[in-house]
Amino acid sequence: MGVLFGEQVSQMCVDYKERGLQLYSPRQVPRTTTDRVLHSATHVAKNMVASYLLATKPTDPFHTKAIELMHCFQDIRFKYTHSVAEDGEASTVVAHVIHNHSFRRPNIILYDEFFHINRRQQAITILHECSHLYNGSSDQAYFWDPLFAKLKEHQHLSNADSIAGKMSNPYI
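Note that the structure is predicted; figures quoted are calculated from it, not measured.

Caption draft 1: Highlighting the overall build of the protein. Looking only at helices and strands, one finds 6 helices and 3 strands in the protein. Within the span of the protein, comprising 172 residues, buried residues form 41% of the whole. At a minimum sequence separation of 6, the contacts of the protein that also span at least 24 residues come to 60%.

Now the structure itself:
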């Protein structure tokens with residue numbers, strides 16, 4: 001579907017406001033390069049979810065997941081840290097979530113590697129982590145894992161990579 005324009009976004013904002021949701025959080029000016037990258041990636045992730053909602057019907061099994069993900073953009077807090085790799089090995093981990101009730105807001109921890117992948121992949125990573133927090137999903141299989149293709153439909157509905165992938169491309 002691509003980028004959303006004027007009337008589509010306006011109607012979606014009205015629809016979400018009626019449901020008590022907020023499509024876009026208040027504009028904040030990013031102060032650092034890291035904040036600007038994260039702001040941009042989060043914006044891309046929001047547009048992916050909004051596009052998915054416009055492209056699908058409420059009867060679509062992932063539609064409810066998309067609505068739940070919209071809450072994530074209002075609540076999450078990002079924290080940055082260095083790589084989790086040890087002994088100079090390359091790490092494939094770019095982010096993870098913290099399920100800790102002592103924090104008032106959910107936290108997504110981003111590693112240095114997050115800032116070295118392309119913006120689309122950053123957005124998909126944010127959606128993946130948000131799906132853990134707001135959809136209760138798990139990591140049953142990743143896209144690159146041969147087990148991913150063997151997941152049943154009900155397993156895809158609770159798999160973080162499946163949810164993030166569906167939001168990034170509603171036609172798969």
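Back to the text.
Caption draft 2: Molecular detail of helix H3 (residues 63-75). Among the residues making up H3, those that are buried are His 63, Lys 65, Ala 66, Leu 69, Met 70, Cys 72 and Phe 73. Buried residues in H3, looked at end-on, bunch into an arc of 155 degrees, giving them a common side.

Caption draft 3: Structural context of the state of the cysteines. Scanning the model with the defined rule gives 1 disulfide in all. Note on cysteine connectivity: Cys 72 is disulfide-linked to Cys 130, with sulfurs 2.1 Å apart. Between Cys 72 and Cys 130, the disulfide has an S-S torsion of -65 degrees and is therefore left-handed. Here Cys 72, found in helix H3, pairs with Cys 130, found in helix H4 (residues 119-134); they are 58 residues apart in sequence, far enough to count as distant.

Caption draft 4: How the structure looks around the nonpolar core. One finds Val 49, Ile 108, Ile 126, Leu 127 and Met 167 to be the most contacted residues of the largest nonpolar core, which totals 30 residues. At the level of elements, helix H2 (33-55), H3, strand E2 (95-98), strand E3 (107-111), H4 and helix H6 (160-168) are the ones that each hand at least two residues to this core. The dominant element in this core, judged by the number of residues it contributes, is H2, at 8 residues. When sequence neighbours within four positions are dropped, the list of residues in contact with Leu 127 reads Ala 45, Met 48, Val 49, Leu 69, Phe 73, Ala 164 and Met 167.

Cut-offs applied
- Residues numbered from 1 in each chain as written.
- Predicted model: local features only at pLDDT ≥ 70, side-chain atom pairs only at ≥ 80, totals over all residues.
- Heavy atoms only, no water.
- Helix = DSSP H or I, 4+ residues; strand = E, 2+ residues; numbered from the N terminus.
- Buried < 20%, exposed > 50% of the residue type's maximum accessible area, 1.4 Å probe, protein only.
- Contact = heavy atoms within 4.5 Å.
- Arc of directions from axis to C-beta.
- Disulfide = S-S within 2.5 Å.
- Core = buried A, V, L, I, M, F, W, Y, C linked by side-chain atoms within 4.5 Å.

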